[in-house]
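# Summary of the model geometry
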Amino acid sequence: MINRNKKGVSPVIATTIIITLTLIVGFATWSFVNSEAAAASSAFGESTASNVNYLREKFVITNAAFNYPNNGKITIWLYNNGAVNTQIKEIFIGTSTTSMIKVSSFTSNPSILEVGKSCCIVFDYSTNSGNTYYIKAVGQFGNIALYYQKA
């Protein structure tokens, strides 16, 4: 007759279960940490590249012509004196730097402002002779150029 006072799992099976659980939890933790490290590394790389491009992007508005080439049009010329090609994303205009409105659409020739090159941008806007107008251009990487001129 076998004495069954001690009920439970044999020590070999218990050890096997504990080792299996330890390996599963360890593998899951390793996978999570590895994927998070890759995501953090990628985000850091993209942020660094964006910061470098922001520092290398420089452009200026060199001139503006009101009612050119037609009445109700404004043409501005820009020059890229930075170290990276850029694109003008937004244009703002107004009679003061605190009350500028966004130009809804504009044409740029060429569309990419290459290093050491110029481009012109034409947009619709009615001006009054004698008023001073402020024009702000925003580049692809966040830099701005501010220009003002009397119409």
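Above this note sits the structure.
The following refers to the structure shown. (Residues numbered from 1 in each chain as written. Predicted model: local features only at pLDDT ≥ 70, side-chain atom pairs only at ≥ 80, totals over all residues. Heavy atoms only, no water.)

Following the sequence through the fold, serine 104 ends up in the loop between β4 (101-102) and β5 (106-109). Residues serine 104 and isoleucine 91 lie 13 residues apart in sequence; the distance between their C-alpha atoms is 8.3 Å. (Helix = DSSP H or I, 4+ residues; strand = E, 2+ residues; numbered from the N terminus.)

So, on to the environment of threonine 15. Inspection of the secondary structure assignment puts threonine 15 in helix α1 (residues 11-56). Classification of threonine 15 as partly exposed rests on a relative accessible area of 43%. A polar atom in the side chain of threonine 15 sits 2.8 Å from the backbone oxygen of proline 11. (Buried < 20%, exposed > 50% of the residue type's maximum accessible area, 1.4 Å probe, protein only. Polar contact = N/O pair within 3.5 Å; in protein donor to acceptor, adjacent residues only side chain to side chain.)

The next point concerns the pattern of salt bridges. One pass over the structure, following the stated rule, counts 2 salt bridges. With a closest N to O distance of 3.1 Å, lysine 102 and glutamate 90 form a salt bridge. Of this pair, lysine 102 sits in strand β4 while glutamate 90 sits in strand β3 (residues 88-94), and the two are 12 residues apart along the sequence. Residue glutamate 90 is classed as partly exposed on the basis of its relative accessible area of 26%. (Salt bridge = Lys/Arg side-chain N within 4 Å of Asp/Glu carboxyl O.)

A word on the nonpolar core. Of all hydrophobic cores here, the largest spans 20 residues; its most connected members are Ile61, Ile76, Leu78, Ile91, Phe123 and Ile135. For this core, the secondary-structure elements that each account for two or more residues are β1 (59-66), β2 (73-80), β3, β6 (118-124), β7 (132-139) and β8 (144-150). Element by element, the count of residues in this core is highest for β1, at 4 residues. The contacts of isoleucine 76, once residues within four sequence positions are left out, are Ile61, Asn63, Ala64, Ile91, Cys119, Cys120, Ile121, Phe123 and Ile135. (Core = buried A, V, L, I, M, F, W, Y, C linked by side-chain atoms within 4.5 Å. Contact = heavy atoms within 4.5 Å.)

Honestly, it's all geometry; don't read function into it.
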